[in-house]
Amino acid sequence: MAVTRMPSTTLTPVGETRVGPGPAEYERHFRGALERLHGERRYRVFADIERISGRFPTAKWRRPDGTVTEITVWCSNDYLGMGQHPEVVGAMTETATRCGVGAGGTRNIAGNTSPLVDLERELADLHGKEAGLVFTSGYVSNQAGISTIAKLIPDCLILSDAFNHNSMIEGVRHSGCDKIIFRHNDLGHLEELLRAAGDRPKLIVFESVYSMDGDVAPIGAICDLAARYGAMTYLDEVHAVGLYGERGAGIAERDGVMHRVDVIEGTLAKGFGCVGGYITASAAICDAVRSFAPGFIFTTALPPAVAAAARASVRYLKRSGAERAAHQRQAAATKAALTAAGLPVLATETHIVPVMVGDAELCKAAADHLLECHGIYIQPINYPTVPRGTERLRITPSPFHGVAHIETLTAALVETWETLDLPRAGTVFVEAAE
């Protein structure tokens, strides 16, 4: 039997002179990158937090010295507290007991799990589409969905809103297609670009709720332009699913235009309180993404217990509007209280409550002060998430933030603003030049 021999290689004996950089030199690059982040006041510090089931929004904060303090979380994207809902927790634990913890591999190799198939059908029904496709995160669903859809359309031109999330930007970039950025929510600019593009295939990618400024896209008007100029539409409803619409399908459902959008993308990690992302569209689009997207093909599937929990959350919010109503009520009450206190609240039409600071170092100092002195956790939002000069605290009230929570938050913010001499209402925040 013939034996295949590997090609011989010459190894440098231990102790001989090295050719090229050594470990310390490589390490220097990483330390230098981190030092630059510190110098720009952009280094992120993650708080060590443990959520307490049944007591949302209360959590435990483990300080650097190891001591533990109870705090109130005001910046969770589990907008409705569904991550602790008994039906959701019950679905997860029952399915984990029945099916085990892991998915067993990629769906191409290990096959589909029944809870995942059921979840995709539930999501397709939620958005009134023929099919759904679930990914491991909302980031991956955008990156894989946009890039694959655009790649499969010959000579596709992507028109992307200037405020789109990084996951969408990466999806556009990975597509390799021509792209044009249109000014945020600017229908006139979008129409100019569509008209100039002529009859080539076009894909408009945009969000419904923009999570940093809390404003909403004119979905119906964008669909009008898409129909007029022969473009496809791809809508990110990540910060709207579960929260808006009669059954929680998002802003497009609320506005009665869901059927006009070609692809609706969402997450299971925010309004639905679990983890994972998805797209819904025609059966052909979903099947094409399933068949061609590396971000879907080559990654382990969501565990069946997670899929079952997500489906339980989607099903519950389809039939219950109480959480959505309470969410809007508490968000409005929070905005009113902070505005009345003279704090620089950015006016929004959604549940997002940005309190402007305008300086990265001061924004971090304000967040640290709130946590250490008041037991209130709000993560600072700095560049590159928002432009320099528009740094802010992004507050996300939930149905479980009651009157006492809002009063305590307001007093704590006023004290913090006075202590750090932060800008008050009426200050104009201008984007700094790069």
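Residues numbered from 1 in each chain as written. Predicted model: local features only at pLDDT ≥ 70, side-chain atom pairs only at ≥ 80, totals over all residues. Heavy atoms only, no water.

Caption draft 1: Fine view of the pairing of strand β4 (residues 131-135). Buried residues dominate β4, accounting for 5 of its 5 residues. Direction of pairing for β4 relative to strand β10 (residues 277-281): antiparallel, over a ladder of 5 bridges. In the sheet register, Phe-135 faces β10, and the bridge partner there is Gly-277. (Buried < 20%, exposed > 50% of the residue type's maximum accessible area, 1.4 Å probe, protein only. Helix = DSSP H or I, 4+ residues; strand = E, 2+ residues; numbered from the N terminus. Pairing = 2+ DSSP bridges.)

Caption draft 2: Spatial organisation of the environment of Val-355. Here Val-355 lies in strand β11 (residues 353-356). The buried category is assigned to Val-355, whose relative accessible area is 0%. C-alpha separation for the pair Val-355 and Pro-344, spaced 11 residues apart in sequence, amounts to 5.6 Å. Excluding anything up to four places from it in sequence, Val-355 contacts Leu-338, Pro-344, Val-345, Arg-392, Leu-393, Ile-395 and Trp-417. (Contact = heavy atoms within 4.5 Å.)

Caption draft 3: Quick peek at the nonpolar core. Counting residues in hydrophobic clusters, the biggest one holds 56 residues, and the most contacted among them are Ile-204, Ile-219 and Leu-268. Of all the secondary-structure elements, those providing two or more residues to this core are α4 (114-127), β5 (157-161), α7 (187-197), β7 (202-207), α8 (219-229), β8 (231-236), α9 (251-254) and α12 (304-319). It is α12 that provides the largest number of residues to this core, a total of 7 residues. Filtering out sequence-adjacent residues up to four positions away, Ile-204 remains in contact with Leu-159, Phe-182, Leu-190, Leu-194, Ile-222, Ala-226, Ala-231, Met-232, Thr-233 and Tyr-234. (Core = buried A, V, L, I, M, F, W, Y, C linked by side-chain atoms within 4.5 Å.)

Caption draft 4: A look at the packing of aromatic side chains. Applying the stated criterion across every chain yields a total of 2 aromatic pairs. Taking 5.9 Å as the distance between ring centres and 85° as the angle between the ring planes, the aromatic pair formed by Phe-56 and Phe-400 counts as edge-to-face. With Phe-56 in the loop between β1 (49-51) and β2 (58-62) and Phe-400 in the loop between β14 (392-395) and α15 (403-420), this pair connects stretches of sequence that are 344 residues apart. With a relative accessible area of 12%, Phe-56 lands in the buried category. For Phe-400, a relative accessible area of 42% corresponds to the partly exposed category. (Phe/Tyr/Trp six-rings, centres within 6.5 Å; stacked < 30°, edge-to-face > 60°.)

Caption draft 5: Seen up close, the packing of α4 against α12. One can describe the packing of α4 onto α12 by two numbers: an axis separation of 8 Å at closest approach and a directional angle of 25°. For the element pair α4 / α12, the angle class is roughly parallel. α12 is crossed by α4, and the crossing has left-handed handedness. Residues Pro-115, Leu-116, Asp-118, Leu-119, Glu-122, Leu-123, Asp-125 and Leu-126 of α4 touch α12, and the partners they reach there are Pro-304, Ala-307, Ala-308, Ala-310, Arg-311, Val-314, Arg-315 and Lys-318. (Axes fitted to C-alpha atoms, helices over the stretch in contact; angles between N-to-C directions. Parallel < 35°, antiparallel > 145°, perpendicular 65-115°, else oblique. Left-handed = near helix turned anticlockwise from the far one by under 90°.)

Caption draft 6: Expanded view of the sheet that holds β1. Strand order across the open sheet formed by 4 strands is β1-β2-β3-β12, with mixed pairing between neighbours. Both outer strands of the open sheet, β1 and β12 (376-377), are each paired with one neighbouring strand and no more. In this sheet, β2 lies alongside β1 in antiparallel orientation, the contact comprising 3 bridges. Within β2, the position partnered with Glu-50 by the bridge is Lys-60.

The values are spatial; any link to function lies outside them.
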